[in-house]
Amino acid sequence: MLTRDEIVGGESTFSHPWNPKSEITGTHLSGQAGLKRAGVSLVRLATGKESFAYHLHHREEEWIYVLSGRGIAQVDGEEYEMNPGDFIAFPTPSVPHLMTNPNEEDLVYLMGGEHKQFEVADFPALDKRMVRRGSEVEVYKLSEGEPFDMPE
């Protein structure tokens, strides 16, 4: 059980190093509650900010549920307006996606997904592939098609 004060006290801000517009503030609820295999975060995007870098997942499914504010989900080259009560999911292998907030009020949403020991994420606009094995991360040039072993 997490109280509101614990959730607010656990808040931090993250910026993805590959996107200068990335700035997401929130609390990793599942981590605070001791979950190991599922990730759930309560996050906020301020005006003009973006969540991460445009990316897709090969192994970890992901979802977003909007609580307040309005935003834009960039998904596989298309834009979708997201409003309170809207839900979007990215089953694997997923398509590229990114949340943005072009509006004047904060965009607040729950996001979650799997947390596997092995993950591959592609960043097609940046020509990068990230391979994570536990805490070890390697980055490759996506266009070079570096092979990798994908365990079950």
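Residues numbered from 1 in each chain as written. Predicted model: local features only at pLDDT ≥ 70, side-chain atom pairs only at ≥ 80, totals over all residues. Heavy atoms only, no water.

A. Highlighting the nonpolar core. The biggest cluster of nonpolar side chains holds 15 residues, and the ones touching the most others in it are Ile24, Ile64, Ile88, Met99, Tyr109 and Met111. Every element with two or more residues in this core is listed here: strand S3 (38-45), strand S5 (62-68), strand S6 (71-75), strand S8 (87-90) and strand S10 (107-114). A total of three residues in this core trace back to one element, the largest contributor, which is S10. When residues no more than four places from it in sequence are discounted, the contact partners of Ile24 are Ser12, Thr13, Phe14, Val43, Arg44, Leu45, Ser51, Phe52, Tyr109 and Met111. (Core = buried A, V, L, I, M, F, W, Y, C linked by side-chain atoms within 4.5 Å. Buried < 20%, exposed > 50% of the residue type's maximum accessible area, 1.4 Å probe, protein only. Helix = DSSP H or I, 4+ residues; strand = E, 2+ residues; numbered from the N terminus. Contact = heavy atoms within 4.5 Å.)

B. Inspection of the pairing of strand S9 (residues 97-100) at higher detail. Residues His97 and Met99 point to one face of S9 and Leu98 and Thr100 to the other, with burial holding for every one of them. Bridge count for S6 against S9 is four bridges, and the pairing is antiparallel. Counterpart to Ala73 in the pairing with S9 is Met99. (Pairing = 2+ DSSP bridges.)

C. Spotlight on the pattern of salt bridges. Tallied over the full model, the rule gives eight salt bridges. A salt bridge links Glu23 to Lys49; the nearest nitrogen and oxygen atoms lie 3.9 Å apart. Of the two residues, Glu23 is situated in the loop between strand S1 (12-14) and strand S2 (24-28) and Lys49 in the loop between S3 and strand S4 (56-57); the sequence distance between them amounts to 26 residues. The class for Glu23 is partly exposed, based on a relative accessible area of 30%. A relative accessible area of 25% means that Lys49 is categorised as partly exposed. Here the salt bridges do not stand alone but share partners, grouping Glu11, Arg44 and Asp106 into one network. (Salt bridge = Lys/Arg side-chain N within 4 Å of Asp/Glu carboxyl O.)

D. Summary view of the sheet that holds strand S13 (residues 136-141). A sheet is described by the order of its strands in space; here four strands give the open sequence S4-S11-S12-S13, paired in antiparallel fashion. In this open sheet, the two edge strands, each paired with only one partner strand, are S4 and S13. Sheet topology note: the strand S12 (residues 128-133)/S13 ladder contains six bridges and is antiparallel. Bridged to Lys128 within S13 is Lys141.

E. Focus on the sheet that holds S10. Spatially, six strands are ordered S1-S2-S3-S10-S5-S8 in an open sheet, and the strand pairing comes out antiparallel. Two strands bound the open sheet, and with one partner strand each, they are S1 and S8. Along the sheet, successive strands turn relative to each other by an average axial angle of 30°, direction set aside. Both S1 and S2 contribute to a ladder of three bridges, which runs antiparallel. When the bridges of S2 are listed, Phe14 appears paired with Ile24. (Axes fitted to C-alpha atoms, helices over the stretch in contact; angles between N-to-C directions.)

F. Spotlight on the packing of aromatic side chains. In total, this model carries three aromatic pairs according to the counting rule given. Aromatic pair Phe14 and Phe52: ring centres 5.7 Å apart, planes at 50°, arrangement tilted. One end of the pair, Phe14, is in strand S1; the other, Phe52, is in the loop between S3 and S4, with 38 residues separating them in the sequence. An angle of 85° between the planes, with centres 4.8 Å apart, marks the rings of Trp18 and Phe123 as edge-to-face. Note that Trp18 is positioned in the loop between S1 and S2 and Phe123 in strand S11 (residues 118-123), a separation of 105 residues in sequence. What makes Phe123 buried here is its relative accessible area of 6%. Lying over the aromatic face of Trp18, Lys128 brings its terminal NZ or CZ to 5.0 Å of the ring centre. (Phe/Tyr/Trp six-rings, centres within 6.5 Å; stacked < 30°, edge-to-face > 60°. Lys NZ or Arg CZ within 6 Å of the ring centre and 35° of its normal.)

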